[in-house]
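Structural overview for review
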Amino acid sequence: MSNKVHLGHTARKRFGQNFLTDENIISRIVGAISPDNDHVMVEIGPGLAALTEPVAESIDNLTVVELDRDLVERLQVHPVLKDKLTIYQGDALQFDFGQLKQDGKKMKVFGNLPYNISTPLMFHLFEFADQIETMHFMLQKEVVLRLSASPGTKAYGRLTVMAQYYCQVVPVLEVPPGCFTPPPKVDSAVVRLLPYADKPWPCKDVNVMRNLVTTAFNMRRKTLRNNLKTLLNDDDFASLNIDATLRPEQISVEQYVAMANRLFDKKSAS
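Cut-offs applied
Residues numbered from 1 in each chain as written. Predicted model: local features only at pLDDT ≥ 70, side-chain atom pairs only at ≥ 80, totals over all residues. Heavy atoms only, no water. UniProt positions renumbered as here; feature names shortened; annotations may be inferred. Buried < 20%, exposed > 50% of the residue type's maximum accessible area, 1.4 Å probe, protein only. Helix = DSSP H or I, 4+ residues; strand = E, 2+ residues; numbered from the N terminus. Axes fitted to C-alpha atoms, helices over the stretch in contact; angles between N-to-C directions. Left-handed = near helix turned anticlockwise from the far one by under 90°. Contact = heavy atoms within 4.5 Å. Nonpolar A, V, L, I, M, F, W, Y, C, P; charged D, E, K, R; others polar. Core = buried A, V, L, I, M, F, W, Y, C linked by side-chain atoms within 4.5 Å. Domains from an automatic or database assignment.

1. With respect to the UniProt feature "binding site: S-adenosyl-L-methionine" (unreviewed entry) in the protein
Taking the UniProt record as the reference, the feature "binding site: S-adenosyl-L-methionine" (unreviewed entry) is found at Asn18, Leu20, Gly45, Glu66, Asp91 and Asn112. Overall, the relative accessible area of 30% leaves aspartate 91 in the partly exposed class. Inspection of the secondary structure puts asparagine 112 in strand E5 (residues 107–112).

Set out below in structure tokens:
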């Protein structure tokens with residue numbers, strides 16, 4: 001495969017393209033993704049098909065969402081892939097993943113995500129979480145640390161809370177810069193996100209929660225009471241048994257859901 005890895009394409013800065021070229025790492029990632037015909041397999045940003053080719057090998061069809069027109073054209077004429085791919089040219093951030101659902105089949109989504117879109121794209125995909133079985137993403141290592149962080153750590157933030165509300169988060173492997181062409185300046189890692197069929201802490205209105213969490217983390221150095229004063233009062237915190245003098249990164253996902261549900265009830269009552 002190494003002789004055709006580049007497909008004559010030059011990595012483009014504006015798309016944040018670094019292409020995965022290490023065969024051993026590629027096969028480990030494909031093993032983690034575990035492609036099969038019982039799911040709708042979806043790749044975001046196939047790039048030069050480093051993962052696309054080995055994933056497509058073992059299945060009948062692979063759906064890809066790719067923004068770069070040049071790469072789409074290459075995939076359309078690719079000797080092996082052209083018969084296996086269903087290609088959507090466009091921006092994954094705007095894409096309706098719900099349209100890919102097939103009867104009785106959930107999606108397995110994967111991709112090597114450029115840094116600049118990784119967080120908004122995950123937030124977008126969480127909206128389709130009930131239709132997704134697994135997600136595997138190659139990300140900057142610090143983003144994987146944020147996804148899997150525990151309360152009280154520096155990496156713990158808005159992304160952590162929302163990701164762990166929707167999904168079980170499992171770091172899979174670290175990928176050093178030398179596995180890519182050109183080598184990026186940062187370490188990468190692969191993460192597995194497993195959307196809960198039944199959420200451990202169900203939220204009455206996820207929009208209320210998203211807003212509350214964003215507001216809480218707007219000023220990390222301030223207390224929960226200061227950050228949320230327009231939303232919750234001391235009686236609310238007391239009834240939830242939450243210490244309002246703590247900082248936002250010291251509050252568990254379960255507690256954020258409890259606060260959001262309290263806020264939802266208050267809004268409904270008023």
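2. Looking at the packing of helix H7 (residues 206–217) against helix H10 (residues 253–269)
It is at 9 Å that the axes of H7 and H10 come closest, and there the two elements cross at 120°. H10 is crossed by H7, and the crossing has right-handed handedness. Where H7 abuts H10, its residues Val208, Met209, Leu212, Val213, Ala216 and Phe217 lie against Tyr256, Val257, Met259, Ala260, Leu263, Phe264 and Lys267. Looking at the contact of H7 with H10 residue by residue, the classes come out as 12 nonpolar, no polar and 1 charged.

3. Here's the deal with the nonpolar core
Within the largest apolar cluster, 59 residues are counted, with the highest numbers of intra-cluster contacts made by Phe97, Phe137, Met209, Tyr256 and Met259. Both domains that furnish three or more residues to this core are identified here as domain 1 (5–195) and domain 2 (206–269). With residues near it in sequence (within four places) discarded, methionine 259 still touches Leu212, Leu224, Leu228, Leu232, Phe237, Leu240, Ile242 and Ile251. Judged by nonpolar contacts, the second largest core, of 25 residues, contains Leu62, Val175, Cys179 and Phe180.

4. A short note on unusual backbone geometry
The omega angle of the peptide bond from threonine 181 to proline 182 is -15°, so this bond is cis rather than trans. Within the secondary structure layout, proline 182 lies in the loop between strand E8 (180–181) and strand E9 (188–195). Positive phi outside glycine occurs at serine 34, with the angle close to 55°. Looking at where serine 34 falls in the secondary structure, it is placed in the loop between helix H1 (23–33) and strand E2 (40–44). For serine 34, a relative accessible area of 36% puts it in the partly exposed group.

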